[in-house]
Amino acid sequence: MPGSSESRYIRLKVISGNNLQVPSCRIPAGIYISINVDSRRRWKSPISVLSSDRSVAWGNTVTLSSHSSPALSVEIRASFELGRTLGGGEVIGELQRSWDELLDHGDEAFDISFPAVFGVHPSLKLKVAIVHACDDQDDALIDSLIDCEIARDTDAGHAQLAAYATSKTVSHLNDAVEHFQLVLDQCPVSHPDHATALTNLAWACLQGYIRNDLEDIDSTTSLFRDALALRPQPHPDHPSSLYNLTQALARRHNKKRTAADIREAAQLYHELLPLCAEGTYLRIIAAGKNGVDYVIGGCSNLPIDASDEGIHLRRVVLELCPLGHQLRPTVLNKLAQAVEARFHQHGSIDDLDTSIQLGREAVSLCPEGQADRGIYLNNLAVSLASRFNHQGKSNDLDEAISLHEGALRLCPVGHQSRDFSLDNLGDVLVKRFNKRSDIDDITRAISLRREALTLRPPGHPRRDTTLSNLALALHTRYGKSHVREDLNEVIDLYRKSLRLKRLYHPERHKTLRNLSSALCSRFTQTQKNEDVEEAITLCQESLAALSSLHPGRCLSYRWLQEAYLSRYQSLHDPADLSLAIENFRLASRHPTQGFPRRIEVAISWALRAEVYQHESALEAYQMCFELFDGHVMTRSSVVSRREAAAAVRGARSLPVDAASCAIRRDNIRLAVELVEQGRGQQWSQASRLRTPVEELESANPKLACNYLKAAADREATEYRILTRQWEAAVAEIRGLPAFSRFLLPPSYEDLQAAARQGPVIVFIASQYSCSAIIVPTSGDPHHVPLLSVTLADLTNLKDRFTRAIRDSSRMNPGESRTDLIVLSRIIWDQIMLPIVNVLEHVLKLKRRSRIWLCPTAAFTSIPLHAAHPFQTKADRSGKEPCLEDLYICSYTPTLSALIRSRQLMKKRVPASFVAIGQGQPGAGKGKALLAVDSELELVHKLVPATANRTTISGDAATRAGALEALQQNTWVHLACHGKQDPKQPYDSHFVMRDEHLTLLDIMERHLPQAEFAFLSACHTAVGDEETPDEVIHLAAGIQFSGFKSVVGTLWEVDDSVAKHVVEAFYGYMFGDLKDGGVMDCTKAAWALNCATHAVKTKVPLEQRMVFVHIGV
């Protein structure tokens, strides 16, 4: 045995604790050990955070005198504060052991066990040793046992609350509340322990509320909220205060189902979880079933809210569900539904794309066999079908059908949701039939909906819906097959559905208008007036049932106009036509519908007005463009703007049809405005977002700042939050002198600035007429009807040119290009000669003056500059001049593009020239261009040394290298493969060594100091096939990015002969440039004209006419 106890000093090391459970079940801020040193003092370990396995590590030591402490008297205590503490906290366990018993363990660490808490014994791991003297190296301070009233009451409150937790005796709860209230009364707001006193009282009250022993949860929540306000971040007790408030909110929500509580709890958990270190007990409880999981479930049960605030909440909840969280699929699905609902309200395709992306992730996280997989499949399919409705992409519809089929397989016969799944699959099959006319699709859709109807017998609450859905499928088949039996059944089904819908049924208006549509169809077949009269009455009843801003009014207007038109076609009463037009007008203006649906209505209005020669046709076209502008402005990227424009059926010919309509009404100025507004929306939208702001900054910097802030925020995914501020800023700007048309389509007077240095000829190719409009330097525009040309003729001419170019590429240089010569004569005789006559005899334009060609629609694929009579003069004094003998021709994609290039000419800087070439693009990227290196050497030789010449080729000619060169130089020569993508024009590209240099890459760089680009590449000036007569090609993209003057190509260039054109071109560009002279990009059109004349004997016809000039 060791020496006598009277003379011993014992060093005690507290290593760790395990199974540490707080009797009151409250989550502690930390755990500490308290050991009596003598009758007046105690030793306290540091407060350590409890781990997720209910353990704590300390490693602290204390030296005790066996004389002052005859035995070890130790307590494990829970502290509910990491900062300033009030009282001793709650006792987890206490015991006494003699020193002799402890010293029997020798030098080994050992465990001592405490009385059980909820059936589990807490324990401490200790180590003891005898030392010969007490030193001052103890790890923790020794506190005096200060007797303080608020500390005594606090500890008494903790003890009573622990007794309440174990015994469930209400008197203990009342005693705990009384003690904590006494403490709070003695700790006013200014007291440093006020937050602790608030929290202790609130926690006791919350336990009583949970067990239904107390009723006042609102006061409890307020106490927690006040405590949190006193413990802002980075207060050490901020996390626990956040958790306490979430518990009160969750408990109140559990009983009262208050949506605001669960929303606030989600926001608090979003702040709390990052503050809870992994592996801590607070983290595992907060992230568990009764913590964040309850809040996630509560939020998932909230109604779908498509507001920005509602979607923000869903995103917050998603962040609470990292990958691997069991509730993540549910949360993804709910967020997808909310975002899609916002799409249906605002029409932004970005929302629908996001919804589909979220839905795909939800499906991927819910494998076969899980209960909710069918729901996720169905919802993703619905989103894809919505995008098909919006964009018309068949792959979306095919995938939606496949997903609905998968959902139906999960609903076998007898499944409670089979009727829904049958209906949904039937819906997408009807859509695909409308697109492809495959009779199997509509037959199957009808069969599915007949089965669904059997699952909803008379008395079923949704039988009326299935009756209507089956009627719709049959009506759709009737539209193709015109089987009278189908139509009669359709009307019968709609009438049955209507009888099941009470007068104020929310879906009654839909059945009314659908029955109206079916009656119109039967009227067209039978000409029985009672059908069309009833159809009109039903639509009027549908409208009467709806408020002025109900979304359903738009469709009711549409069907009502169909009914009036049906009656007009039979009775020819002009009043019916006027009523039909008025309903077109109302439908297109209805604010509750997204832009795509309203655009479709306006297009239909324009078409009907043209057919019936109604005076509203121009108004209809103007409405189309107004809606289009609004539609593309809701997009956050240039690519999504193009997709938005391409998605609307029937929109491509609108600009030229509108211009043709204005011409037929002798309003040539308006024709110019309309064709400009409708075309080139990618360029004009972006131009209207750039140039006017620069002018505004000098006129009113503050307003410009307000506008730019809102405009920049609009580009973000969540830009809608600031839409109102943006609109307000624009309205205020328009109130300034000289800014009344800020961001509005330009007037004719504005557009005429494009003709400042020579007339611009706009070519109109419409189904109604083909003509040209000459915009002169001053005065009114001149209309030149092209009476011998139709749209079909131009399409044929384009196809013939394509074949002739292909055939010519296989010929020897010396062979005659007979087909090309014939086609050039056609362009001269039927298109350009009438225009030249006006230029010469009306405008008195001098020879070798500059003109600009602005083709639209089918004209964009025809080399108008190559017009040539190829004949001898009547007096045999020589050959008749061709267009390029008479004038220096340039192209411009739009009038606004030319104006903008001229405005940017004011910002000139010293010239720097880079030649970029890639003749060895790599496997799969095109054949080797063997003449590229020699072309680059030639260019380097011809460009003045003062231009700071550089060359990039071979391995250095990468995407990144080319982009950097474009940004750093004012003049660029690019020799490589060029590829135009007619379906996805922003993917059009130049082929570099590693990656493609795309049109989008170039457009995203704003290059205001750039001046000239020579694109010695294939297909750089051929346009887009999909959008409303857009002119999206590589040369136009280069121009839009900042290059004022561009030489591009219309088809494949033979690099072995292109160098002759390049040599001649740069010879004319710089041949007369004297030392110290300034390189002038406005000479490019003249230099190209001279070069193509100079190389006639060296370069075949198709390789001369391939080069075109665009810009100033």
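Residues numbered from 1 in each chain as written. Predicted model: local features only at pLDDT ≥ 70, side-chain atom pairs only at ≥ 80, totals over all residues. Heavy atoms only, no water.

Turning our eyes to something else, we now look at the overall build of the protein. A tally of regular secondary structure across the protein gives 43 helices and 23 strands. Sequence separation of 24 or more characterises 70% of the internal contacts of the protein that already satisfy a separation of 6 or more. Approximately 46900 Å² of the protein is accessible, and the part contributed by carbon and sulfur atoms is 50%. (Helix = DSSP H or I, 4+ residues; strand = E, 2+ residues; numbered from the N terminus. Contact = heavy atoms within 4.5 Å. Areas by Shrake-Rupley, 256 points an atom, 1.4 Å probe, with all protein chains shown as cover.)

Burial of helix α40 (residues 1034-1041) is extensive: eight of the eight residues sit out of reach of the surface. Residues of α40 that are buried: Leu1034, Ala1035, Ala1036, Gly1037, Ile1038, Gln1039, Phe1040 and Ser1041. Looking one or two residues past α40, Gly1042 carries a phi angle of roughly 140°, positive in sign. (Buried < 20%, exposed > 50% of the residue type's maximum accessible area, 1.4 Å probe, protein only.)

Ile35, Phe763, Ile831, Met832 and Phe1065 are the most contacted members of the largest nonpolar core, which totals 309 residues. Here the element with the most residues in this core is helix α34 (residues 818-841); it accounts for 10 residues. (Core = buried A, V, L, I, M, F, W, Y, C linked by side-chain atoms within 4.5 Å.)

The next subject is the packing of aromatic side chains. In the structure shown here, the tally under the stated rule is 13 aromatic pairs. Both rings, one in Trp971 and one in Phe1012, keep their centres 5.1 Å apart while their planes meet at 45°; by these two values the pair is tilted. Of this pair, Trp971 sits in strand β17 (residues 971-975) while Phe1012 sits in strand β21 (residues 1012-1016), and the two are 41 residues apart along the sequence. We note that Trp971, like Phe1012, is buried. Each ring, one from Trp971 and one from Phe1070, has its centre 5.7 Å from the other, and the planes form 45°; the classification is tilted. In this pair, Trp971 sits in strand β17 while Phe1070 sits in helix α41 (residues 1055-1070), placing the two residues 99 residues apart along the sequence. (Phe/Tyr/Trp six-rings, centres within 6.5 Å; stacked < 30°, edge-to-face > 60°.)

Turning our eyes to something else, we now look at the sheet that holds strand β8 (residues 123-131). Strand order across the open sheet formed by four strands is β4-β1-β8-β7, with antiparallel pairing between neighbours. A strand with exactly one partner marks an edge of an open sheet, and here the two such strands are β4 (56-65) and β7 (110-113). Pairs of neighbouring strands in the sheet enclose a mean axial angle of 30°, with direction left out of account. As paired elements, strand β1 (residues 9-18) and β8 share nine bridges and run antiparallel to each other. Looking across to β8, one finds that Ser16 is bridged to Lys125. (Pairing = 2+ DSSP bridges. Axes fitted to C-alpha atoms, helices over the stretch in contact; angles between N-to-C directions.)

Here helix α11 (residues 328-346) crosses helix α12 (residues 349-364) at 165°, and the two axes come no closer than 8 Å. What the angle tells us is that α11 and α12 run roughly antiparallel. α12 is crossed by α11, and the crossing has left-handed handedness. Across from Arg328, Pro329, Leu332, Asn333, Leu335, Ala336, Val339, Glu340, Arg342 and Phe343 in α11, the residues of α12 making contact are Ile349, Asp351, Leu352, Thr354, Ser355, Leu358, Gly359, Glu361 and Ala362. Of the residues in the contact of α11 with α12, the class split is 10 nonpolar, four polar and five charged. (Parallel < 35°, antiparallel > 145°, perpendicular 65-115°, else oblique. Left-handed = near helix turned anticlockwise from the far one by under 90°. Nonpolar A, V, L, I, M, F, W, Y, C, P; charged D, E, K, R; others polar.)

Inspection of the secondary structure puts Ser616 in the loop between α23 (595-611) and α24 (617-633). Setting aside residues no more than four positions away along its own chain, Ser616 makes contact with Ile581, Arg585, Trp605 and Ala609.

The next point concerns the packing of helix α13 (residues 373-391) against helix α14 (residues 394-409). Where α13 meets α14, the axes come as close as 8 Å, and the angle between the chain directions of the two elements is 160°. Taken as axis vectors, α13 and α14 run roughly antiparallel relative to one another. Crossing of α13 over α14 shows left-handed handedness. Residues Gly374, Leu377, Asn378, Leu380, Ala381, Val382, Leu384, Ala385, Arg387 and Phe388 of α13 pack against Ser394, Asp396, Leu397, Glu399, Ala400, Leu403, His404, Gly406 and Ala407 of α14.

This part is about unusual backbone geometry. A cis amide bond links Gln233 with the next residue in sequence, Pro234, at an omega value of 15°. Phi is positive for Lys844, which is not a glycine, with a value near 55°. With respect to the element layout, Lys844 can be found in the loop between α34 and β13 (849-854).

Here we come to the sheet that holds strand β18 (residues 978-979). Sheets are built from strands paired through backbone hydrogen bonds, the pairs being either parallel or antiparallel. Strand order in the open sheet formed by three strands is β18-β19-β20, and the pairing between neighbours is antiparallel. Taken across any chain shown, the strands that pair with only one partner, and hence form the sheet edges, are β18 and β20 (996-998). With two bridges connecting them, β18 and strand β19 (residues 989-991) associate as antiparallel partners. Of the residues in β19, the one forming a bridge with Gly978 is Phe990.

Take the side chain of Asp237 next. Structurally, the position occupied by Asp237 is in the loop between α5 (217-229) and α6 (238-256). Buried and without a salt bridge, Asp237 has Arg231 as its closest oppositely charged side chain, separated by 4.2 Å. Among the polar contacts made by the side chain of Asp237, one reaches the main-chain amide nitrogen of Leu82 at a distance of 2.7 Å. With sequence-adjacent residues up to four places away left out, Asp237 is seen in contact with Ala29, Phe80, Glu81, Leu82, Gly83 and Arg231. (Lys, Arg positive; Asp, Glu negative; His and termini not counted. Salt bridge = Lys/Arg side-chain N within 4 Å of Asp/Glu carboxyl O. Polar contact = N/O pair within 3.5 Å; in protein donor to acceptor, adjacent residues only side chain to side chain.)

To continue, consider the pattern of salt bridges. Proximity of charged atoms lets side chains of opposite charge pair with each other. Under the definition given, this model contains 50 salt bridges. Linking Asp423 and Arg456 is a salt bridge whose minimum nitrogen-to-oxygen distance equals 3.4 Å. With a gap of 33 residues between them, Asp423 in helix α15 (residues 418-436) and Arg456 in the loop between α16 (439-454) and α17 (463-481) connect regions that are remote in the sequence. Here the two residues Asp423 and Arg456 agree in accessibility, since each one is buried. The salt bridge partner of Arg432 is Asp441, with a shortest N-O separation of 2.8 Å. Taken as a pair, Arg432 and Asp441 share a single burial class, namely buried. Sharing partners across several salt bridges, the network here consists of Asp419, Asp423, Asp427, Lys431, Arg449 and Arg456.

In this section: the pairing of β1. For β1 and β4, the ladder comprises eight bridges, and the chain directions are antiparallel. Note that in β4 the partner of Lys13 across the bridge is Thr61.

With that settled, consider the pairing of strand β23 (residues 1107-1111). Of all five residues that make up β23, five are buried, and the element is covered over most of its length. Strand direction decides the pairing type here: strand β22 (residues 1045-1049) and β23, joined by five bridges, are antiparallel. Within the sheet, the bridge partner assigned to Thr1049 lies in β23 and is Phe1107.

In this section: the environment of Glu610. Of note, Glu610 is situated in helix α23. Accessibility expressed as a relative area gives 9% for Glu610, which makes it buried. For the pair formed by Glu610 and Tyr768, sequence separation is 158 residues and the distance between their alpha carbons is 9.1 Å.

Right, let's talk about the confidence of the model for the protein for a bit. Overall, the prediction assigns the protein a mean pLDDT of 87, with 89% of residues at 70 or greater. Of the regions scoring below 50 in pLDDT, residues 1-5 engages in seven contacts with residues more than four places distant in sequence or in other chains. (pLDDT = per-residue confidence, 0-100.)

For helix α42 (residues 1084-1094), a buried count of eight out of 11 residues is recorded, marking the element as mostly surrounded by other parts of the structure. Along α42, the positions that sit buried rather than exposed are Ala1084, Ala1085, Ala1087, Leu1088, Asn1089, Cys1090, Ala1091 and Thr1092.

Structurally, Ile401 can be placed in helix α14. On a C-alpha basis, the gap between Ile401 and Asp427 in space is 9.2 Å, while along the polypeptide they are 26 residues apart. When near neighbours in sequence (up to four residues on either side) are disregarded, Ile401 contacts Leu425, Val428, Leu429 and Arg432.

Let us look at the environment of Val601. Structurally, Val601 is set in helix α23. In the structure, Val601 is positioned 16 residues away from Arg585 in sequence and 8.5 Å away in space, judged by C-alpha atoms. Residue contacts for Val601: discarding those within four places in its chain leaves Arg558, Phe584, Ala587 and Ser588.

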